[in-house]
Amino acid sequence: MFDLLVRNANLPDGRTGVDIGVTGGRIAAIEPGIEAEAGRILDAQSRLVSPPFVDPHFHMDATLSLGIPRLNRSGTLLEGIALWGELKPLLTHEAVIERALRYCDLAVSQGLLAVRSHVDVCDDRLLAVEALLEVKRLVKPYLDLQLVAFPQDGLYRSRNGEANLFRALDLGVDVVGGIPHFERTMAEGAASVRRLCEIAADRGLPVDLHCDETDDPMSRHIETLAAETMRTGLQGRVVGSHLTSMHSMDNYYVSKLIPLIAEARIHAVPNPLINITLQGRHDTYPKRRGMTRVPELMAAGVNVALGQDCTMDPWYSLGSADMLDVAHMAVHVGQMTSLAAMRQVFDAVTVNSARAIGLDDYGLEVGRSASFVILQARDPIEAIRLRATRLTVVRSGKVIAETPPRLSTLSLEGRPQSLDGSTYAPPAGT
Ligand code: FE2
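Residues numbered from 1 in each chain as written. Predicted model: local features only at pLDDT ≥ 70, side-chain atom pairs only at ≥ 80, totals over all residues. Heavy atoms only, no water.

A. A look at the overall build of the protein chain. Per the secondary structure count, the protein chain includes 14 helices and 16 strands. Relative to a compact globule of 430 residues, whose C-alpha radius of gyration would be 22 Å, the protein chain shows 22 Å and is just as compact. Referenced to the eigenvectors of the C-alpha coordinate spread, the extents of the protein chain come out at roughly 65 × 45 × 45 Å. Residues counted as buried form 58% of the 430 residues belonging to the protein chain. Once local pairs closer than 6 in sequence are excluded, the contacts in the protein chain between residues at least 24 apart make up 75%. For the protein chain, the centre of its 43 positive side-chain charges and the centre of its 52 negative side-chain charges are spaced 1 Å apart. (Helix = DSSP H or I, 4+ residues; strand = E, 2+ residues; numbered from the N terminus. Rg over C-alpha atoms; globule rule 2.2 N^0.38 Å. Buried < 20%, exposed > 50% of the residue type's maximum accessible area, 1.4 Å probe, protein only. Contact = heavy atoms within 4.5 Å. Lys, Arg positive; Asp, Glu negative; His and termini not counted. Charge placed at Lys NZ, Arg CZ, Asp CG, Glu CD.)

In structure tokens, the structure reads:
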């Protein structure tokens, strides 16, 4: 007797016709043809059942603030940072919490159940830090929220950057952040990388740096980050986010750099929606795409996870908490259109992301938390193509979101047609 039984699921690894039995919030069985009673049965109808989407890079303190106090006119990263500086003094504890909770509701409806969010620590009030720590506690039953102490204005360039970073970590923020390419000089950027790795090693914390988010091919802080990761013994616990300068770097230099990143076991987190819109703004034509070298990093064995970064904030006016939208953009910008590459991109918004942020109770395996999503698609490629509807979202064995399938009711065959590859069979009794 299971609490929940999902029948006839296709899994991302290619298995088809699998049943998933859930007991006590955990996956108790994954095999075809389970003969058992269950409190609730969900028929997946040969559709994809995936572990939840995971966003390894987001800014929840800024989300849904679009237009306050104005829009980003140039569309650049630097105007976005300046605009965020105008918005910061206007933030209130209540407004940050309200917007973040609204975003988390949207995320859950999209099957996005784990988010690593940076939180700016350069406001001496630490207002956003305290608000997001409260949000983390509030959403815990349905969404895993990790927080990164992020000195947005620079560890050294902002007045109390380092002191505020320590205060945020003391309050319970989980990860050490930074932004070396925004420090005043390359030398101070490198010094910030060294210092941040030392702080993380001292405190036993992971590192996640905004690293080289620029079109400048000489921005090489990722090299320092790899070296410092090894010097401080943080292999496997460090994320290099963005890495857009790699897009513009000399190929010979990159042939040395990528093996160094692999050696340090750094996780690479590009943010395709944001990279394609913020980078290349100073170019005429041809305009660079800005996204880092995803296929080459993957081929070298680097764990590449894709982030969303922004939704309706000073840097990006769109976004919908949809990691399939992120994957769709990555396929296009990275020209990852082979069947194998598209499957890799799906992994980059699910299992790779979970690995990058260190989720240890994740995945479709017996004994793990029973958290998964039934999609209106047969496989990962169709899921990306359709940005498929998340029909049912399950967290720890409980259904926490449901969306009806997209259907056409004008079928010549006389019955509703699903927009995914399978013919939709209406549930009995409807
Ligand atoms: Fe970011």
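B. Region of interest: the confidence of the model for the protein chain. Summary statistics for the protein chain give a mean pLDDT of 95 and a share of 96% for residues scoring 70 or more. When pLDDT is averaged over each helix and strand of the protein chain, the minimum, 68, is found for strand β16 (residues 417-418) and the maximum, 99, for strand β11 (residues 267-269). (pLDDT = per-residue confidence, 0-100.)

C. Examining the coordination of the iron ion more closely. The protein atoms that coordinate the iron ion are H57 (NE2), H59 (NE2), H210 (NE2) and D309 (OD), at distances of 2.1 to 2.4 Å. Around the iron ion, the 4 donor atoms sit at angles spanning 86 to 180°, and that spread fits a shape best called irregular. Judged by relative accessible area, H57 falls into the buried class, the value being 0%. Relative accessible area serves as the criterion here: at 3%, D309 is assigned to the buried category. (Donors = N, O, S within 2.8 Å, 3.2 Å for Na, K, Ca; no water. Tetrahedral: all angles 85-135°; square planar, octahedral: opposite > 155°, others 65-115°.)

D. Representation of the domain arrangement of the protein chain within the structure. Taken domain by domain, the protein chain comprises domain 1 (2-51 + 363-418) and domain 2 (53-356). On a C-alpha basis, the centres of domain 1 and domain 2 stand 31 Å from each other. With 22 residues of domain 1 at the interface, the matching set in domain 2 holds 25 residues. Taken together, both faces of the contact between domain 1 and domain 2 bury some 1800 Å²; the carbon and sulfur share is 67%. It is I384, R390 and R395 that lose the most area in domain 1 upon contact with domain 2, and together they represent 37% of the buried surface on that side. At the surface where domain 1 touches domain 2, the tally comes to 3 salt bridges. R387 is the salt-bridge partner of D325, the closest N and O atoms lying 3.5 Å from each other. Our count for the contact surface shared by domain 1 and domain 2 stands at 7 residue pairs in polar contact (both at pLDDT 80 or more). Elements supplying a minimum of two residues to the side of domain 1 that touches domain 2: β4 (38-50), β12 (372-375), α14 (380-386), β13 (390-395) and β14 (398-402). (Domains from an automatic or database assignment. Buried area = accessible area lost by both parts, 1.4 Å probe. Salt bridge = Lys/Arg side-chain N within 4 Å of Asp/Glu carboxyl O. Polar contact = N/O pair within 3.5 Å; in protein donor to acceptor, adjacent residues only side chain to side chain.)

E. Geometry of the packing of aromatic side chains. Applying the stated rule across the entire model yields 3 aromatic pairs. Ring centres of W84 and W315 lie 6.3 Å apart, and the angle between their planes is 45°; on these two criteria the pair is classed as tilted. Note that W84 is positioned in helix α1 (residues 77-87) and W315 in the loop between α10 (294-299) and α11 (323-333), a separation of 231 residues in sequence. Since its relative accessible area comes to 1%, W84 is described here as buried. Over the face of the ring belonging to F182 we find R157, whose NZ or CZ atom lies 4.4 Å from the ring centre. Taking NZ or CZ as reference, K287 lies 4.9 Å from the ring centre of Y285, over its face. (Phe/Tyr/Trp six-rings, centres within 6.5 Å; stacked < 30°, edge-to-face > 60°. Lys NZ or Arg CZ within 6 Å of the ring centre and 35° of its normal.)

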